[in-house]
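# Analysis of the macromolecular model
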Amino acid sequence: MTGDDNDKDTPNTPSEQPPKSEETKAAEEGRDVARVEGRTGAVDKVGVTDEEQKVSTTHAQETGGAPTTAEAQELQGVPADEEGDHLPTTPEAFRGPRQIGERHGMFGSSLGNDTSGYGGLDSPILFPAAARRPYGGYFDAVADQLERALGAGETPYDHAVQRVVVDRGELTLHVAREALPAVARALRDDPDLRFEICTGVSGVHYPQETGAELHAIYHLLSITHGGRRLRVEVSCPDEDPHIPSIVDTYPANDWHERETWDFFGIIFDGHPALTRILMPDDWPGHPQRKDYPLGGIHVEYKGATIPPPDQRRSYN
């Protein structure tokens, strides 16, 4: 075998191998390469471990999965504060979701005895915290344009919109009830908003939220702007369950407002014919309120009766 043949069979020495990329080095060391996309562009972060990529359960509960201020600054290329500001970017007045009550047990009525067998379980009832800018996506454009549209009228934005919530990729505007008609007209008529469709209004009853026990939620859709969606939420107290009707702006809400009145007792002022729609006209009370008796089936079968759900079997 000649010397040339020996040279061909001899493997390259380490000094002759091509240099390794950062990705290759990270892979050999058992680390991951995380790609973080910010508003100013994409940045490759090398050496991020699995533990660093996991979201803390506590952090997720406190911020709804939102990045902290330091993380947001890093994504946008802004140096973080030396002390490390770890406040979430979304809450305005709260560090985390606001607690409006507690849930006891796993399921079933909370008005009577424990019928689930899990009466020892206590969990907080959490609402998402108010958001602050930037909201993300088209949400900022909607808020800005609504502020401009209301600024030309008698209802300023700061008075009309009490709170903005961004949660699970959805935008909710909490609107003062007296400002609802003006907000609805602006959302429908302004060319840069143009929420032409209100798919209905539904009611919610939160007995523990003193002064705002009854909520009416409107779901809006903009066909003009490619299927943008928006939720408007209005609250009123039990002692004064009045909310202005928006049937003049969204005529399809006629039956929806009647149903919300029927089941929750919210009085929509200005509705053309606010009567019951599902329950008989002489029905007492509003069945979907949480303080409404759960009832039962008064049928006897071999001497047995079926009591209301909150009275059936008690574990305490």
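The following refers to the structure shown. (Residues numbered from 1 in each chain as written. Predicted model: local features only at pLDDT ≥ 70, side-chain atom pairs only at ≥ 80, totals over all residues. Heavy atoms only, no water.)

## Some details on the sheet that holds strand E6 (residues 170–175)
Pairing between the strands of a sheet comes from backbone hydrogen bonds, and it takes one of two forms, parallel or antiparallel. Here five strands make up an open sheet; going across it, the order is E5-E6-E9-E8-E7 and the pairing mixed. Edge strands, defined here as strands with exactly one partner in the open sheet, are strand E5 (161–167) and strand E7 (197–205). Direction aside, the axes of adjacent strands within the sheet are offset by 20 degrees on average. In terms of strand pairing, E5 meets E6 through six bridges, oriented antiparallel. Bridging across to E6, Val164 finds its partner in Leu173. (Pairing = 2+ DSSP bridges. Helix = DSSP H or I, 4+ residues; strand = E, 2+ residues; numbered from the N terminus. Axes fitted to C-alpha atoms, helices over the stretch in contact; angles between N-to-C directions.)

## Describing helix H8 (residues 180–189)
Helical periodicity: at 3.6 residues per turn, an α-helix aligns residues three or four positions apart in one direction. Residues of H8 that are buried include every one of Leu180, Ala182, Val183, Ala184, Ala186 and Leu187, and no others. Close packing links the buried residues of H8 with helix H6 (139–151), helix H7 (157–160), E6, strand E8 (214–222), strand E9 (228–236) and strand E10 (242–244). (Buried < 20%, exposed > 50% of the residue type's maximum accessible area, 1.4 Å probe, protein only. Contact = heavy atoms within 4.5 Å.)

## Some words on the packing of aromatic side chains
Remark: the centre distance and the inter-plane angle together describe each pair of aromatic rings, the angle taken between the planes. Across all of its chains, the model carries two aromatic pairs by this definition. Seen in terms of ring centroids, Phe127 and Tyr206 are 5.0 Å apart; in terms of plane orientation they differ by 80 degrees. Their pairing is edge-to-face. Taken together, the residues Phe127 in strand E4 (residues 122–127) and Tyr206 in the loop between E7 and E8 connect sequence positions 79 residues apart. Summarising the burial analysis for this pair, Phe127 and Tyr206 share the class buried. The interplanar angle of 85 degrees and the centroid separation of 4.9 Å between the aromatic rings of Tyr138 and Phe139 together place this pair among those described as edge-to-face. (Phe/Tyr/Trp six-rings, centres within 6.5 Å; stacked < 30°, edge-to-face > 60°.)

## Some details on the nonpolar core
The biggest cluster of nonpolar side chains holds 41 residues, and the ones touching the most others in it are Leu146, Leu187, Tyr218, Leu230, Val232 and Ile243. Here this core gets six residues from one element, more than from any other, and that element is H8. (Core = buried A, V, L, I, M, F, W, Y, C linked by side-chain atoms within 4.5 Å.)

## Notes on a nonpolar patch on the surface
On the surface, Met106, Tyr118 and Leu121 cluster together into a nonpolar patch covering about 300 Å² of accessible area. Mapped onto the elements of the fold, Met106 is located in the loop between strand E3 (98–104) and E4. Classification of Met106 as partly exposed rests on a relative accessible area of 45%. (Patch = residues over 30% accessible without salt bridge, like charges linked within 9 Å, V, L, I, M, F, W, Y side chains within 5 Å. Areas by Shrake-Rupley, 256 points an atom, 1.4 Å probe, with all protein chains shown as cover. Salt bridge = Lys/Arg side-chain N within 4 Å of Asp/Glu carboxyl O.)

## Here we look at the pairing of E9
When E6 meets E9, the two strands line up parallel, connected through three bridges. Its bridge partner lying in E9, His174 is registered against Glu233. As paired elements, E8 and E9 share nine bridges and run antiparallel to each other. Bridge pairing in E9 links Leu220 to Leu230. Counting the residues between successive antiparallel strands, the hairpin from E8 to E9 contains five residues, one of them, Gly226, with a positive phi of roughly 75 degrees.

## Let's talk about the side chain of Asp190
Structurally, Asp190 can be placed in the loop between H8 and E7. No salt bridge is formed by the buried Asp190; the nearest opposite charge belongs to Arg148, separated by 7.2 Å. At 3.0 Å, the side chain of Asp190 forms a polar contact with the side chain of Gln145. A polar contact is formed between the side chain of Asp190 and the backbone nitrogen of Asp192, at a distance of 2.9 Å. (Lys, Arg positive; Asp, Glu negative; His and termini not counted. Polar contact = N/O pair within 3.5 Å; in protein donor to acceptor, adjacent residues only side chain to side chain.)

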